[in-house]
Every structure is written in structure tokens, then in C-alpha cells.
Amino acid sequence: MIEYYDNLYCGSRDEFFGFITARAEKGEKTFVVTANPETFMHGSRNPEFDKLLRDEKTVITADGIGVVKAAKWANKEPNGRVTGVETVSELLRFGSEKGLSVYFYGAKPEVLEKLKEQIDKNYPGLKIVGMRDGYNNKDEEVFADMKEKAPDLCFVALGIPRQEILIYKNLPDFQRGIFIGIGGSLDVLSGTKKRAPKLFIKLNCEWLYRIMCEPKRIGRFYNNNVKFFKCIKKEAKKRNEKN
Ligand code: UDP
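Below: a short report on this structure. From a predicted model like this one, the values you see are computed outputs, not experimental measurements. (Residues numbered from 1 in each chain as written. Predicted model: local features only at pLDDT ≥ 70, side-chain atom pairs only at ≥ 80, totals over all residues. Heavy atoms only, no water.)

## Here we look at the site of the ligand
Part 1: Within the structure, the ligand sits among 15 residues, and Ala107, Gly134, Tyr135, Asp187 and Arg210 are positioned closest to it.
Part 2: At 3.5 Å, a backbone N or O of Gly159 approaches an oxygen atom of the ligand.
Part 3: Here an oxygen atom of the ligand and a backbone polar atom of Gly184 are 3.4 Å apart.
Part 4: In the complex, the protein chains occlude 77% of the 550 Å² of accessible area that the ligand would expose alone. (Near = heavy atom within 4 Å. Polar contact = N/O pair within 3.5 Å; in protein donor to acceptor, adjacent residues only side chain to side chain. Areas by Shrake-Rupley, 256 points an atom, 1.4 Å probe, with all protein chains shown as cover.)

Below, the structure written as C-alpha cells:
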């Protein structure tokens, strides 16, 4: 798991936004994984996920504070978090300014309806070339359509690990485009779900807010976060003993 840090973007949020928007404008194919401890734990359990996190072309950002905090064991110093929801907002803003095309796959039909309204209002320059919900559509059919449309920006909101595995499997068939698995970001951007209050974000306690709103997440949180720190420390120790 510690090797995933080799692909971690360690610059600041604004530097990352500069990097990713430049790639979007040039049409350079890029796969971004916005990671929290759960993401890395999926890698440790699932060989397909492990492969995509290790691929040197994959760009990983530290979405969760746990990934930032544990970076010291991998001898990395990320300059704060770069969250998925902020990255999507920035790409939508930039895409609207430059008239880029965008494809959305995932979330509930009613969430996409609201999202469309938000986009028409706030990002009128964007060209929406595809919008398919994640409940009535078939992955293969949607990706075939996506390939035909060849969008500049491609957001897949189906939850982890399905979204990342699906993107990675199809990536070789695309010549260009920015691809990101964005979990529940469309729920937030459409106004359906609220992001944590600013104070929680500032104190890096967004995870706590999510648990408070959805207590059933606590088991998932424990399983992933506590184990993540234990595993990373262990791997770092092993690595140091070897060297
Ligand atoms: N989702 C979907 N189809 C499914 C399961 C989930 O489109 O079969 C969507 C769901 O509506 C939500 C997103 O995937 O918008 C996952 O959100 P969650 O907050 O669970 O994401 P994560 O915690 O994985 O980032």
C-alpha cells in the first residue's frame, strides 16, 4: 500500500488545479483517483484496484486527511488535501470558460436533473455530451457511448471501487480526456446533499460530519481508517528494516 504514495500529487490544491486544467485544455489523457484511506484499503484487498493505484500514469490526490497524515511514513509531504468535490467544481468552472465537453455517468436520475439546472445556471459554457444515471444504465453501453463522444471531461459517480475499476478498464480505448471517479460529488454539486459546514472542512473533520449524517458509515470508517494506519506503519517499518 505504501507504494501508492509514489503516485500521490504532493503540490498544493491550486497547483493541482493548474496541472489538471492544463491537461484538460491540451486533451492529455489523465486518470485521477481522489484517495482517502478507504481507497488505499481497496487496493490492498482487490488486485484490480491495486494495479490501477500502482500504475505510474495514475495521478492520486489526497482527498482524505488520513492520506495526508500517513504520508510521513512513505516519506512524502503532500501540501494539504485536494478533494474530489473541489476538483470537479474547478474543472466545471474551467470547462465552462473554455467551452469543453463533459460526460456524467452515475448518481440518481433526480440528482442529474438538478445537476443539469445547476450547470445551465452556473457553467453555461460547458457542452454536456452525456448524462446517464447510475441505476438504469449498463456500464458497457454507457462506455461505448462515451467513447463515441470522446469528452474532454469524464466524471463517473458510481461509488468506490466500481467507478475506478470501470474507468481503468476502458481507459486504453480513449485517446484523450480527464477521467475521475467522484463518489457522491454529484449529490453535493446538484444541491441534493450538503457538504460539511466550513468549520468541519477547515478542521479536517469532514469525515466526522459524514458519520454524523449517516451513522451507518461508522463500521466502514473503522474498518478502513484504523486498519489503514496500522498497515501503513507496518509497511514503513518493513521497508526501513530492508534498507
Ligand atoms: N451510485 C450509483 N449507482 C449505484 C450505486 C451508487 O449511481 O448502483 C451513486 C450514488 O447515487 C452516489 C455515488 O454513487 O451518487 C456514491 O456515493 P457515496 O457517497 O457512497 O460515494 P463514496 O463514499 O464511495 O465516495
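## Overview of the packing of aromatic side chains
Part 1: Applying the stated criterion to the full structure yields 14 aromatic pairs.
Part 2: When the centroid spacing of 6.4 Å and the interplanar angle of 80° are considered together, the rings of Tyr105 and Phe143 count as edge-to-face. Linking Tyr105 in strand S3 (residues 101–106) with Phe143 in helix H7 (residues 139–149), this pair joins segments that are 38 residues apart in sequence.
Part 3: When its relative accessible area of 0% is taken as the criterion, Tyr105 is described as buried. (Phe/Tyr/Trp six-rings, centres within 6.5 Å; stacked < 30°, edge-to-face > 60°. Helix = DSSP H or I, 4+ residues; strand = E, 2+ residues; numbered from the N terminus. Buried < 20%, exposed > 50% of the residue type's maximum accessible area, 1.4 Å probe, protein only.)

## Description of helix H8 (residues 162–170)
Part 1: Of all nine residues in H8, seven are buried, a share of seventy percent or more.
Part 2: Those residues of H8 not exposed but buried are Gln163, Glu164, Ile165, Leu166, Ile167, Tyr168 and Asn170.
Part 3: Looking at the packing, one finds that the buried side of H8 touches strand S1 (30–35), helix H3 (47–54), S3, H7, strand S5 (153–157) and strand S6 (178–181). (Contact = heavy atoms within 4.5 Å.)

## What to know about the pattern of salt bridges
Part 1: Per the counting criterion, the structure on display carries 21 salt bridges.
Part 2: The salt bridge involving Glu206 is made with Arg195; its shortest N-O contact spans 2.6 Å. Placement of the pair is Glu206 in helix H11 (residues 206–213) and Arg195 in the loop between helix H9 (185–189) and helix H10 (198–202), with a sequence separation of 11 residues.
Part 3: Arg195 gets classed as partly exposed once you look at its relative accessible area, which sits at 23%.
Part 4: Salt bridges sharing common partners tie together Arg13, Asp63, Arg81, Glu86, Arg195 and Glu206. (Salt bridge = Lys/Arg side-chain N within 4 Å of Asp/Glu carboxyl O.)

## So, the environment of Phe31
Part 1: Considering the arrangement of structural elements, one finds Phe31 in strand S1.
Part 2: Sequence spacing of Phe31 and Ile167 is 136 residues, and the spatial spacing of their C-alpha atoms is 8.0 Å.
Part 3: In this structure Phe31 touches Leu52, Lys57, Thr58, Val59, Glu164, Ile167, Tyr168, Leu171 and Phe179, once residues within four positions along its chain are discounted.

## Comments concerning the state of the cysteines
Put plainly, a disulfide is one covalent bond tying together the sulfur atoms of two cysteines.
Part 1: Scanning the model with the defined rule gives zero disulfides in all.
Part 2: The thiol of Cys213 is not disulfide-bonded; the next cysteine sulfur, from Cys205, is found 13 Å away. (Disulfide = S-S within 2.5 Å.)

## Re the sheet that holds strand S4 (residues 127–132)
Part 1: Ordered in space as S2-S1-S6-S5-S3-S4, the six strands form an open sheet in which the pairing is parallel. Where the open sheet ends on each side, the last strands, each with one partner, are strand S2 (58–62) and S4. Recorded for the sheet is a direction-independent mean angle of 15° between the axes of neighbouring strands.
Part 2: The sheet contacts of helix H1 (residues 13–26) involve S1, S2, S5 and S6, and relative to S1 the element is tilted by about 150°. (Pairing = 2+ DSSP bridges. Axes fitted to C-alpha atoms, helices over the stretch in contact; angles between N-to-C directions.)

## Re the packing of H1 against helix H5 (residues 84–98)
Part 1: Between H1 and H5, the shortest axis-to-axis distance is 10 Å and the interhelical angle comes to 45°. With respect to H5, the axis of H1 lies oblique. Where H1 crosses over H5, the handedness of that crossing is right-handed. Along its contact with H1, which presents Arg13, Phe16, Phe17, Ile20, Thr21, Ala24 and Glu25, the element H5 presents Glu86, Thr87, Glu90, Leu91, Phe94 and Lys98.
Part 2: In the contact of H1 with H5, the residues fall into six nonpolar, two polar and five charged. (Parallel < 35°, antiparallel > 145°, perpendicular 65-115°, else oblique. Left-handed = near helix turned anticlockwise from the far one by under 90°. Nonpolar A, V, L, I, M, F, W, Y, C, P; charged D, E, K, R; others polar.)

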